[in-house]
Amino acid sequence: MSNNKTSFSLTEDWTVVVFGFLIIALALFGIKIPSPVFAWENSAELLEKVVNADNLLNVGKLFLWVYANAILATKALGKDVSATIKGFPIVFILTTLALILAGNSFLKNWNLEAVIFSLTIGLIISNFSSIPDWLRDSLSTELFVKIGLVLLGTSIIFGDILKAGSLGLIQALLVVVSVWYFAFWVSKKLGIDEEMAIMISSAVSICGVSAAIATAGAIKGDSKKLSYVISIVLITAIPMIIFMPIIAKALGLSEAVTGAWLGGTIDTTGAVIASGSLIGEEALKISTIVKFSQNVLLGLAAFGISIYWTYTNNQSEVAKESKPTLGIIWERFPKFVIGFVAASLLFSFVISGEVISEVKGGLKSLQGLWFALAFTSIGLETKFADLFSSEGKKPLYAFLIAQGFNVIVTLGIAYFLFK
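Please read these numbers as outputs of a predicted model, since none were measured by experiment.

Undergrad: Before we go on, may I ask you to explain the packing of aromatic side chains in this structure?
TA: Pairs of aromatic rings are described using the distance from one ring centre to the other and the angle between the two planes. A complete count under the given rule lists ten aromatic pairs for this structure. Plain terms: the ring middles of Phe-88 and Phe-144 are 5.8 Å apart, the flat faces sit at 75° to each other, and that makes the pair edge-to-face. Taken together, the positions of Phe-88 in helix α4 (residues 82-102) and Phe-144 in helix α8 (residues 141-152) put the pair 56 residues apart, joining distant regions of the chain. Residue Phe-88 is classed as buried on the basis of its relative accessible area of 1%. Seen from their ring centres, Phe-144 and Trp-370 are 5.7 Å apart, and the 40° between their planes marks the pair as tilted. Taken together, the residues Phe-144 in helix α8 and Trp-370 in helix α20 (residues 353-380) connect sequence positions 226 residues apart. Across the pair, exposure class does not vary: Phe-144 and Trp-370 are buried alike. An aromatic cluster of at least three residues, connected via ring pairs, comprises Phe-63, Tyr-67, Phe-88, Phe-92, Phe-144 and Trp-370.

Undergrad: Help me understand the nonpolar core in this model?
TA: One finds Ile-23, Phe-88, Ile-213, Ile-230, Leu-363, Leu-366 and Trp-370 to be the most contacted residues of the largest nonpolar core, which totals 131 residues. Residue contacts for Ile-23: discarding those within four places in its chain leaves Ile-33, Trp-65, Asn-69, Ile-147, Leu-151, Leu-363, Leu-366 and Trp-370.

Undergrad: Would you mind showing me how to read the pattern of salt bridges here?
TA: When the charged atoms of two side chains with opposite charge come close together, those side chains can pair. Tallying each qualifying case throughout the model produces three salt bridges. With a shortest N-O distance of 3.8 Å, Glu-45 and Lys-49 are connected by a salt bridge. With Glu-45 and Lys-49 both in helix α2 (residues 43-50) and four residues apart, this pair spans about one turn of that helix. You can call Glu-45 partly exposed: its relative accessible area is 21%. With its nearest N and O atoms 3.9 Å apart, the salt bridge here joins Glu-195 to Lys-225. You can see Glu-195 sitting in helix α11 (residues 194-207) and its partner Lys-225 sitting in helix α13 (residues 223-251), a full 30 residues away along the chain. Residue Glu-195 is classed as buried on the basis of its relative accessible area, which comes to 16%. Owing to a relative accessible area of 22%, Lys-225 belongs among the partly exposed residues under this scheme. Residues joined by salt bridges that share partners form a network here, namely Asp-193, Glu-195 and Lys-225.

Undergrad: Sorry, what's going on with the side chain of Ser-287 here?
TA: Tracing the sequence through the fold places Ser-287 in helix α16 (residues 281-312). One polar contact links the side chain of Ser-287 to the main-chain carbonyl oxygen of Leu-284, over a distance of 2.9 Å. Setting aside chain neighbours within four positions, we find Ser-287 in contact with Gly-259, Ala-260, Leu-262, Gly-263, Val-272 and Gly-276.

Undergrad: Just to check I follow, could you spell out α13 for this structure?
TA: In an α-helix, one turn spans 3.6 residues; hence positions three or four apart end up facing the same way. Taking 1.5 Å as the rise per residue, α13 with 29 residues should run 42 Å; its terminal C-alpha atoms sit 40 Å apart, in good agreement. Along its length, α13 shows its largest kink, about 35°, at Met-240. One or two positions beyond α13, positive phi appears at Gly-252, with a value near 70°.

Undergrad: I keep staring at the environment of Ile-200 and nothing clicks. Help me out?
TA: Topologically, Ile-200 is positioned in helix α11. A sequence separation of 30 residues divides Ile-200 from Ile-230, and the C-alpha atoms of the two residues are 9.0 Å apart.

Undergrad: Just checking my understanding: could you explain helix α1 (residues 12-28) for this structure?
TA: Given a rise of 1.5 Å per residue, 17 residues ought to cover 24 Å, and the 24 Å separating the end C-alpha atoms of α1 matches this to within 8%. Every buried residue of α1 is listed here: Asp-13, Thr-15, Val-16, Val-17, Phe-19, Gly-20, Ile-23, Ile-24 and Ala-27. Looking at the buried positions of α1, the neighbouring elements they touch are α3 (53-76), α8, α19 (336-349) and α20.

Definitions and limits used
- Residues numbered from 1 in each chain as written.
- Predicted model: local features only at pLDDT ≥ 70, side-chain atom pairs only at ≥ 80, totals over all residues.
- Heavy atoms only, no water.
- Phe/Tyr/Trp six-rings, centres within 6.5 Å; stacked < 30°, edge-to-face > 60°.
- Helix = DSSP H or I, 4+ residues; strand = E, 2+ residues; numbered from the N terminus.
- Buried < 20%, exposed > 50% of the residue type's maximum accessible area, 1.4 Å probe, protein only.
- Core = buried A, V, L, I, M, F, W, Y, C linked by side-chain atoms within 4.5 Å.
- Contact = heavy atoms within 4.5 Å.
- Salt bridge = Lys/Arg side-chain N within 4 Å of Asp/Glu carboxyl O.
- Polar contact = N/O pair within 3.5 Å; in protein donor to acceptor, adjacent residues only side chain to side chain.
- Expected span 1.5 Å × (residues − 1).
- Bend = angle between axes of the 7 residues up to and from the residue.

Function-wise, these values are silent; they only describe arrangement.
The structure is reproduced here in C-alpha cells:
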C-alpha cells in the first residue's frame, strides 16, 4: 500500500486568475479594500496626512490583505510558504516607502511613478548589500505583476470609449497598428532580440508601462528587460510633457488636435493628463479619450501577442516536428490574459456604473500596489550591470526612433481627424 500523497497545485497563470477574481468578488460583495493616503506636498502634510495613526492603521490593514493573498497564492502554487512569510513584509515595507516618495506633489508633477521608485530602492539595496537567500526566495515577481494585470482589467472600460465617440478609437487603432509594426521593424533592424522588440513596440504604441508589463507577462519576458523598457518609458515621458504643448502652440494647433496628439504619443495616462492640462479643458478631454481608447486596445493586443508568441516560440518536441496544434497553443497560452480580458468585459458590460464607482478606487490602488511590489522585487534581484549593460544602447535607440515616428504619424492622424 502506497503512502505517497498527491498535493494539489495550480499553474501560476491560473493562480493569478483565481486570486485576482477573488479580490474583485470580495470588493463587489462589499468588502472594503483599505486605501491609505500617500499624497503629500510638504513635511507638515507628510506628518498630518501620511504618517498619522489612522493612515498607518490603513497601511497595516492593506498589508494584511495582500500578505494573506501572497501566502495563499504561494501555497496554491505548491511552493514552500516559509520564505514568503518571512520575506514579504520586507518587500511591502520597501514598497510603501516608494509609494510615499511617489506621493509627493513635486515628484508627481514630473510623472515619476511609484514603480520607478520601487525599482530604484530595490536596485540600491541589491547592488550595495548582500540579499539573504530567504529574501531572494520570497520574490514572486511574476505572481505580483499578473495579479496586478488581472485587476488592471477592471479599469479598462469599453463603455467609456463608446460614449466618447468614434474618432478617438479610430485614431487609437491607426496609431497602435502603424507604430507597433514600425517599432518592431526598427528593433529587428538594429539586431534586438524578439522578446525585447515586442516589449518596446507595445510600450511605444499602446500605453507605456501597462502595455510593457502586459506584454512581458504574455510572452513570459525577462524581468530585467522589462525594467529597462519601463525606465525608458518613464524618463522619456518627462520632456514630452513639457515640450509637446510648447510645440503645439508654436504650430498653432487647435486644442482638439493638440489633445489628440498628446493622447496618442505620451506613454502614460498621468503624463497625458498633466500635459493636456497645460493647454486647456478641451485638450485635456480629447487627450484623455484618445489615451483611454489606446488602453482599451491593450487587452486585444495582449491576446494577439500571446497567440503569436505561443505559436512561434513553442520549443516542445511535438512543436519542432510539426506545427503547434490548438491543444499545444492552449497549453502554453498565458491564462492570466483571459482573466484580464474577462475582468474588462465584466466591468464594461455587466457591473453597473454605480457599483463600479464604489469599488474602482480600492481596486485601482490595489492594482498599483501589486505592480509596485513586483518592481521592488525586480530591483532586489537585479544588478546595475544587468539593467544598464552596453547592449542597452540599441533598445534605447530603437525606442527613441519609434517614439519620433509616433510623434510625427500621430500628429498627421490627429490633424486629419480633429481639425
